[in-house]
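Secondary and tertiary structure notes
Residues per chain, in single letters:
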Amino acid sequence: NRVTGRKKLECHAWASDSLPKEIGPIYEETYQALCNKQAILCAAGLRILLERVCNDVKIDGRNLEEKINCLQKNGFCSAKDARLLHGARLFGNEVIHEISPNDAELESAFDVLEHLLHSTYILPKKTKSLQERAEKKPSEQKKKFCRDSK
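This section reports on the structure supplied with the text. (Residues numbered from 1 in each chain as written. Predicted model: local features only at pLDDT ≥ 70, side-chain atom pairs only at ≥ 80, totals over all residues. Heavy atoms only, no water.)

1. Comments concerning the pattern of salt bridges
Here the structure, examined in full by the defined rule, presents three salt bridges. For the salt bridge of Lys37 with Asp103, the shortest nitrogen-to-oxygen distance reads 3.4 Å. Within this pair, whereas Lys37 is found in the loop between α1 (24-35) and α2 (39-56), its partner Asp103 is found in helix α5 (residues 103-126), the two being separated by 66 residues in sequence. Residue Asp103 is classed as partly exposed on the basis of its relative accessible area of 34%. A salt bridge links Arg62 to Glu66; the nearest nitrogen and oxygen atoms lie 2.5 Å apart. For Arg62, a relative accessible area of 75% puts it in the exposed group. (Salt bridge = Lys/Arg side-chain N within 4 Å of Asp/Glu carboxyl O. Helix = DSSP H or I, 4+ residues; strand = E, 2+ residues; numbered from the N terminus. Buried < 20%, exposed > 50% of the residue type's maximum accessible area, 1.4 Å probe, protein only.)

2. Regarding the packing of α1 against α5
Running from amino to carboxyl end, α1 crosses α5 at an angle of 160°, the nearest separation of the two axes being 11 Å. As summarised for this structure, α1 and α5 are arranged roughly antiparallel, according to the angle between their axes. Of the two possible hands of crossing, α1 and α5 adopt the one that is left-handed. Of the residues in α5, those touching α1 at Tyr27, Thr30, Tyr31 and Leu34 are Leu106, Glu107, Phe110, Glu114 and Leu117. (Axes fitted to C-alpha atoms, helices over the stretch in contact; angles between N-to-C directions. Parallel < 35°, antiparallel > 145°, perpendicular 65-115°, else oblique. Left-handed = near helix turned anticlockwise from the far one by under 90°. Contact = heavy atoms within 4.5 Å.)

3. A word on the environment of Cys35
Within the fold, Cys35 resides in helix α1. As a C-alpha pair, Cys35 and Glu107 span 72 residues in sequence and 9.5 Å in three-dimensional space.

4. Details of α5
Along its length, α5 shows its largest kink, about 45°, at His118. Taken residue by residue, α5 has Leu106, Glu107, Ala109, Phe110, Val112, Leu113, Glu114, Leu116, Leu117, Thr120, Tyr121 and Ile122 as its buried positions. Next to the buried residues of α5 lie α1, α2, α3 (64-73) and α4 (79-97). Sitting at the head of α5, Asn102 places a side-chain oxygen 3.0 Å from the backbone nitrogen of Ala104. (Bend = angle between axes of the 7 residues up to and from the residue. Polar contact = N/O pair within 3.5 Å; in protein donor to acceptor, adjacent residues only side chain to side chain.)

5. Regarding α2
In a regular helix each residue adds 1.5 Å, so 18 residues correspond to 26 Å; α2 covers 25 Å between its end C-alpha atoms and thus fits that length. The complete set of buried residues in α2 reads Ala39, Cys42, Ala43, Gly45, Leu46, Leu49, Leu50, Val53 and Cys54. The elements touched by buried residues of α2 are α1, α3, α4 and α5. Taken from the residues just after α2, Lys58 is the one with a positive phi, measuring 65°. (Expected span 1.5 Å × (residues − 1).)

6. What about the packing of aromatic side chains?
Evaluated as defined, the whole model comprises three aromatic pairs. Seen from their ring centres, Tyr27 and Tyr31 are 6.4 Å apart, and the 25° between their planes marks the pair as stacked. Residue Tyr27 and its partner Tyr31 are both found in helix α1; the two are separated by four residues, about one turn of the helix. With respect to class, Tyr27 is no different from Tyr31; both count as buried. Measuring from ring centre to ring centre gives 5.8 Å for Tyr27 and Phe110, while their planes differ by 40°; the resulting arrangement is tilted. Taken as a pair, Tyr27 in helix α1 and Phe110 in helix α5 lie far apart in primary sequence, 83 residues in all. The exposure class assigned to Tyr27 is buried, which follows from its relative accessible area of 0%. Taking the relative accessible area as the measure of exposure, Phe110 reaches 1% and is therefore buried. Chaining the aromatic ring pairs together yields one cluster made of Tyr27, Tyr31 and Phe110. (Phe/Tyr/Trp six-rings, centres within 6.5 Å; stacked < 30°, edge-to-face > 60°.)

In C-alpha cells form, the structure reads like this:
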C-alpha cells in the first residue's frame, strides 16, 4: 500500500511556508485521514481543500463544478487538470453520499489535489527567480527555435 509512509507536501523544506494558513491545516488533517484509511473524512477534506483554494484565489461559482471550470478559465489549471479535478469532485460526492472507495482511488484523488496545491502555491514560490528572469527578457521569449523537419 502506497499510503503507508506517503510523504506529504510539507516534507520539502520549501513547501512548509508555501501553503496559505487557511489551507495548510486542512491539508494536514486530510493527509492524516488518508494515512489512517478514513475514506469519508479524507474525501470530505479533499472537497474542503478544493473549496478553500478557490476562495483563496478568488474563484466564484455556484457550485464546485463551476469553480473548477473557473480555475481552468483563469489559468490555475489546464483542461486536463480540470478533468482530473472534476473526477476527484465526483469521486468525493460518491464517497460522502453512497460508496466505499478503494485505496487506489482515494490516493489518486489525493494526488490530484496535491498537484493543484503544488502548481498553485509551491511551484510559483519555489521558482520565483526563474519567473522574474523570464519577465525581464520579453524579446527573447518571442524567438522560435523550431525548424522544419525536412
